[in-house]
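Secondary and tertiary structure notes
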Amino acid sequence: MLKIKDIEAIKYKLNKNENELLKYFLDNSDKIKNMTIQDVAKNAYTSTASIVRFCKKLGYSGFSEFKIAIMYYFEDKIKENNNYVRLNNFKHTIFDDIDQSKALINDEKINSVLDLIYNSGRIDFYGEGSSRMICMEMSRKFHIIGKPSNYYDDTSMMYISAASLKPDDVVFAISMSGETNQILKAVNIARMRKCKIISLTNIGVNTLSKLSDINLYVCASNFTIDDISFISRIPALTLMEYIYFAYLNKYKTK
């Protein structure tokens, strides 16, 4: 999700007009949800092209990703300030996450992912913790249709596999925070092998996205009970399933 510290860290990179646009987003966070990019351009006295450039400068692919990120951040702040225990409303929140994640799907980007998979020699899936289950499931699915794919429970084997990748191979790196040390190390090894990196993270600026060739985002909520935090992997699994069936539809039904 978008964090204020992330904004503060890059504000110095923004020019006067961009800082004014940032102020508009922050001051009107409660209205952004129902606004189009044309609405923002009109109300902020700027152009749609300037807004897209601004969003990309902040690390997002475009207006849709940035809009959902900033909405998501302020919704969480309101709930935190009200001591809201999100687990009490898990059903509503999980389906909201899926709807918001759906809005982040960029068909052009997904098509690029499908083409990379099709032309790859093999696929490595990297994930730790609960993300491990997504990697195991997707590796199994691609094996079923004859696409060589790997996932390793042992981190050392993950690094060894990354070191053997070739330029036409593809890595899916899944980390909701985008800051999982083991995943970042494996991705850096894979980058040295010149293969393509596809990241899947919670929406926001993070290290993993910066290291990747294609960034996929979801909206995934944190739930808290007895001071223990959990983050839902349902949106990430849903997106990976979407990619898998889109691949079948594009390349296996001809």
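Residues numbered from 1 in each chain as written. Predicted model: local features only at pLDDT ≥ 70, side-chain atom pairs only at ≥ 80, totals over all residues. Heavy atoms only, no water.

**Points about the overall build of the protein**
Scanning the protein from terminus to terminus reveals 12 helices and 7 strands. Scored against the burial criterion, the 254 residues of the protein give a buried share of 47%. Here the protein has roughly 13100 Å² of accessible surface; of this, 52% comes from carbon and sulfur atoms. (Helix = DSSP H or I, 4+ residues; strand = E, 2+ residues; numbered from the N terminus. Buried < 20%, exposed > 50% of the residue type's maximum accessible area, 1.4 Å probe, protein only. Areas by Shrake-Rupley, 256 points an atom, 1.4 Å probe, with all protein chains shown as cover.)

**Here's the deal with the side chain of K67**
Mapped onto the elements, K67 comes out in helix α5 (residues 63-81). The side chain of K67 is buried and forms no salt bridge, while D39, the nearest opposite charge, is found at 7.8 Å. Side-chain polar atoms of K67 contact the backbone oxygen of M35, separated by 3.1 Å. When near neighbours in sequence (up to four residues on either side) are disregarded, K67 contacts I32, K33 and M35. (Lys, Arg positive; Asp, Glu negative; His and termini not counted. Salt bridge = Lys/Arg side-chain N within 4 Å of Asp/Glu carboxyl O. Polar contact = N/O pair within 3.5 Å; in protein donor to acceptor, adjacent residues only side chain to side chain. Contact = heavy atoms within 4.5 Å.)

**Thoughts on the pattern of salt bridges**
Inspection of the entire model under this criterion finds 8 salt bridges. Between K250 and D115 there is a salt bridge whose closest N-O contact spans 2.9 Å. One end of the pair, K250, is in helix α12 (residues 234-251); the other, D115, is in helix α7 (residues 107-119), with 135 residues separating them in the sequence. For E128, the salt bridge identified is with R132, shortest N-O distance 3.6 Å. Shared partners join several salt bridges into a network, and the residues in it are E137, R140, K141 and E241.

**Focus: the pairing of strand β3 (residues 170-174)**
With respect to burial, β3 is a largely interior element, 5 of its 5 residues being buried. Burial along β3 is two-sided: V170, F172 and I174 and V171 and A173, pointing in opposite directions, are all buried. Summarising the sheet, β3 and strand β4 (residues 196-202) pair through 5 bridges and their orientation is parallel. Its bridge partner being in β4, I174 is matched across the sheet by L200. As for the winding sense of the linkage, the β-α-β connection from β3 through helix α10 (residues 181-192) to β4 is right-handed. (Pairing = 2+ DSSP bridges. Right-handed = clockwise from strand over helix to strand, strands pointing away.)

**Observations concerning the sheet that holds strand β1 (residues 123-127)**
Here we have 5 strands laid out as an open sheet, ordered β2-β1-β3-β4-β5, and parallel in their pairing. If you trace the sheet from one side to the other, it starts and ends with β2 (149-150) and β5 (214-218), each paired once. One ladder, built from 5 bridges, connects β1 with β3; its direction is parallel. Following the sheet pairing, Y126 is matched in β3 by A173. α7 contacts β1, β3, β4 and β5 of the sheet and is inclined by roughly 125 degrees relative to β5. (Axes fitted to C-alpha atoms, helices over the stretch in contact; angles between N-to-C directions.)

**A short note on the nonpolar core**
Judged by nonpolar contacts, the single largest core of 30 residues is most densely connected at F125, F172, L200, L216, M240 and I243. No other element matches α12, which puts 9 residues into this core. For F172, the residues in contact, after removing those within four places along its chain, are V113, I117, I123, D124, F125, Y126, I198, L216 and M240. Counting residues in hydrophobic clusters, the runner-up holds 24 residues, among them F54, A69, I203 and C219. (Core = buried A, V, L, I, M, F, W, Y, C linked by side-chain atoms within 4.5 Å.)

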